[in-house]
Amino acid sequence: MKRRTTTAILALAAMVAGCEAPPVSTSTSRDSLGVTIVESVASLWGAGDAWQIEEQPVLDLAGTGSGEMHTFFRVRDVLRAGSGHLAVADRASQQVRVYDATGRFVRAFGGPGDGPGEFRSLWTIVLRPDGRLVALDRTAGGSGAEFDLESGLIASFRLPEGVSPVRHPVPSDVVWGLDPAPAADEERRRAGLRRPPVTIVRLSEDRMSGDSVTSLPGYENFIITEGDDIPIMGRLPHAVPDGEGRIAMGTADALEYSIVDGRSGELSLIARIPGVQLTVSRAEVDREREEWLGPDPSPFIRDFMARLPEPAEKPGYQRMIVDADGNVWAGEYLGLARRNEPQEWYVLDSSGAWLGIVDTPARFELMRVGADEVFGVRRDANDVEHPQVLRLVKPP
């Protein structure tokens, strides 16, 4: 059924006694189908209200021990599991590594291969409410395994054919994935920029089948006769479970996302921050292209990259996270060229109102946000990876 949405009324800051009053952040409107639209023209946080992430880590797993279990490469997930333990998905070793609350290595699960509990491209970990871990390959139809922190492997499985996992930044008793629609032969032959849809899939209890929830525009792809590739500053689909049976999803065309029911796909909320500057200069595009090319590209690759369309705007966000309290975090697009810079994260509460901006440190990739701590990976000057826990400070 086609949904009709209405534009929310923008709130204006009042002028009182010649002084500007604190801005009113949002006004909401409910359309005839019961969808709440929230537009924010200013953040709710005033002076002294903003949250801050401390630079100094509470815990750095690369420094709490020695040996191969404290050496990391291509870490794709870091989370707080039961009893304060930390779990790390290390893609180079294809292992889920577990550490106690002090950072001492406890045990590892998985490894490279196609056997039970093994992985080819370890991507993310789902923390179940009962404390068990579900580890998932990135590849569509890839392997998965459920582990108990104490007893080890519980079950192994393969995702449905074509389905790849999404990240689950908060505990969830259900696993979701994305299923790209197969392109028709004619579509595959047509040159130009394409963005075929993907379907959000709710997986069964054994994670080997699933039900379609809803669809959204998928991965941008640029096609020419000789091949295809992701365009410069290409847009991706974002689908993030909130742990309560809903999905926050977005296309990154603007700083906007929607909330849908994880079973019915019914749309309940659209939240947006209009007016965020996304325009990019020719110099920024050229810098990003050179980073993609690397130090010694082949003539074919250089020619191909030169033929990619030049974007006028960057994506509205690079990554979306739902934190432990149900707030949605949208991280500004850095791309390759700016990947070592601090990153601004727009934080919106569960009602869709914009709270404010939180900065993450330079060279730090944010992966999960708890009530008073954040988890991610920091790369040092030598690009050595440090899975870390940083303190999130919220003024009283």
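Residues numbered from 1 in each chain as written. Predicted model: local features only at pLDDT ≥ 70, side-chain atom pairs only at ≥ 80, totals over all residues. Heavy atoms only, no water.

Another point: the overall build of the protein. For the protein, the count of helices and strands is 3 helices and 31 strands. Taken over 396 residues, the protein has a buried fraction of 49%. Long-range contacts, defined as pairs at least 24 residues apart, comprise 50% of the intrachain contacts of the protein with a sequence gap of at least 6. Accessible surface, the protein: about 18,700 Å² in total, of which carbon and sulfur atoms supply 50%. (Helix = DSSP H or I, 4+ residues; strand = E, 2+ residues; numbered from the N terminus. Buried < 20%, exposed > 50% of the residue type's maximum accessible area, 1.4 Å probe, protein only. Contact = heavy atoms within 4.5 Å. Areas by Shrake-Rupley, 256 points an atom, 1.4 Å probe, with all protein chains shown as cover.)

It is possible for side chains of opposite charge to pair when their charged atoms get near one another. Evaluation of the coordinates by the stated rule reveals 31 salt bridges. Put simply, Arg107 and Glu150 hold a salt bridge, and the shortest N to O gap is 3.7 Å. Separated by 43 residues along the polypeptide, Arg107 in strand β9 (residues 105–110) and Glu150 in the loop between β12 (143–148) and β13 (152–158) bring together distant segments of the chain. Among the residues examined, Arg107 registers a relative accessible area of 23% and is labelled partly exposed. Overall, the relative accessible area of 58% leaves Glu150 in the exposed class. Measuring nitrogen to oxygen at the nearest pair gives 3.6 Å for the salt bridge that ties Arg338 to Glu332. One salt-bridge network, held together by shared partners, links Arg128, Asp130, Arg132, Glu146 and Arg207. (Salt bridge = Lys/Arg side-chain N within 4 Å of Asp/Glu carboxyl O.)

Here the focus is the sheet that holds strand β25 (residues 319–322). Picture the strands of a sheet paired through backbone hydrogen bonds; they go either parallel or antiparallel. Across the sheet, which stays open at both edges, the 4 strands sit in the order β25-β26-β27-β28 with antiparallel pairing between neighbours. Since the sheet does not close on itself, it has two edges, and those belong to β25 and β28 (354–360), each with one partner. Put simply, the sheet's adjacent strands are angled 25 degrees from each other on average, direction ignored. In the sheet, strand β27 (residues 343–348) pairs with β28 via 6 bridges, with the strands oriented antiparallel. Paired with Trp345 across the bridge in β28 is Val358. (Pairing = 2+ DSSP bridges. Axes fitted to C-alpha atoms, helices over the stretch in contact; angles between N-to-C directions.)

Our next topic: helix α2 (residues 282–293). Taking 1.5 Å per residue as the helical rise, α2 with its 12 residues ought to reach 16 Å, and the 16 Å between its terminal C-alpha atoms agrees with that figure. Turning to α2, its buried residues number three or more, namely Val285, Glu288, Arg289 and Leu293. When α2 is viewed along its axis, its buried side chains cluster within an angular range of 140 degrees and face the same direction. Residues of α2 that are buried make contact with α3 (299–307). (Expected span 1.5 Å × (residues − 1). Arc of directions from axis to C-beta.)

The next thing to look at is the packing of aromatic side chains. Per the counting criterion, the structure on display carries 8 aromatic pairs. Plain terms: the ring middles of Trp45 and Trp51 are 4.9 Å apart, the flat faces sit at 50 degrees to each other, and that makes the pair tilted. Accessibility assignment for this pair places Trp45 and Trp51 in one class, buried. Grouping aromatic residues by their ring pairs yields a cluster made of Trp45, Trp51, Trp329 and Trp345. Seen from the ring of Trp123, Arg138 lies directly overhead, with NZ or CZ sitting 4.2 Å from the centre. (Phe/Tyr/Trp six-rings, centres within 6.5 Å; stacked < 30°, edge-to-face > 60°. Lys NZ or Arg CZ within 6 Å of the ring centre and 35° of its normal.)

Now for the side chain of Arg202. As for its placement among the helices and strands, Arg202 is situated in strand β17 (residues 197–203). Buried and unpaired, Arg202 has Asp173 as its nearest opposite-charge partner, separated by 5.7 Å. Apart from the residues within four sequence positions on either side, Arg202 is in contact with Val174, Val175, Trp176, Ser209, Gly210, Asp211, Val213, Gly262 and Arg263. (Lys, Arg positive; Asp, Glu negative; His and termini not counted.)

Moving on, we come to the environment of Leu159. Mapped onto the elements, Leu159 comes out in the loop between β13 and β14 (164–165). According to the relative accessible area criterion, Leu159 is buried, its value standing at 5%. A sequence separation of 45 residues divides Leu159 from Ser204, and the C-alpha atoms of the two residues are 10.0 Å apart.

Quick look at unusual backbone geometry now. Phi at Ala252 takes a positive value of approximately 65 degrees, unusual for a residue other than glycine. The residue Ala252 is located in the loop between β22 (246–250) and β23 (256–261) in this model. On the accessibility criterion, Ala252 (1% relative accessible area) is buried.

It is worth spelling out the packing of α2 against α3 at this point. Closest axis-to-axis distance for the α2/α3 pair is 11 Å, and the angle between their directions is 150 degrees. In terms of their interaxial angle, α2 and α3 are classed as roughly antiparallel. The handedness of the crossing between α2 and α3 comes out as right-handed. Here α2 contributes Arg289, Glu290, Trp292 and Leu293 to the contact with α3, which in turn contributes Ile301, Arg302, Met305 and Ala306. Classifying every residue of the contact of α2 with α3 gives 5 nonpolar, no polar and 3 charged. (Parallel < 35°, antiparallel > 145°, perpendicular 65-115°, else oblique. Left-handed = near helix turned anticlockwise from the far one by under 90°. Nonpolar A, V, L, I, M, F, W, Y, C, P; charged D, E, K, R; others polar.)

Let's shift gears to the pairing of strand β29 (residues 364–369). For β29, the buried fraction is high: 5 of the 6 residues fall into the buried class. Here β29 pairs with strand β30 (residues 373–379) via 5 bridges, running antiparallel. In the sheet register, Val369 faces β30, and the bridge partner there is Val374. In sequence, β29 turns back onto β30 through a hairpin of 3 residues.

What follows deals with the sheet that holds β29. The strand order across the open sheet built from 4 strands is β5-β31-β30-β29, with neighbouring strands paired in antiparallel fashion. Strands with a single pairing partner mark the edges of an open sheet, and in this sheet they are β5 (52–60) and β29. If you compare each strand with its neighbour and ignore which way they point, the axes differ by 35 degrees on average. Pairing of β5 with strand β31 (residues 385–393) involves 5 bridges; the strand directions are antiparallel. Across the sheet, residue Leu59 finds its bridge partner in β31, namely Val389.

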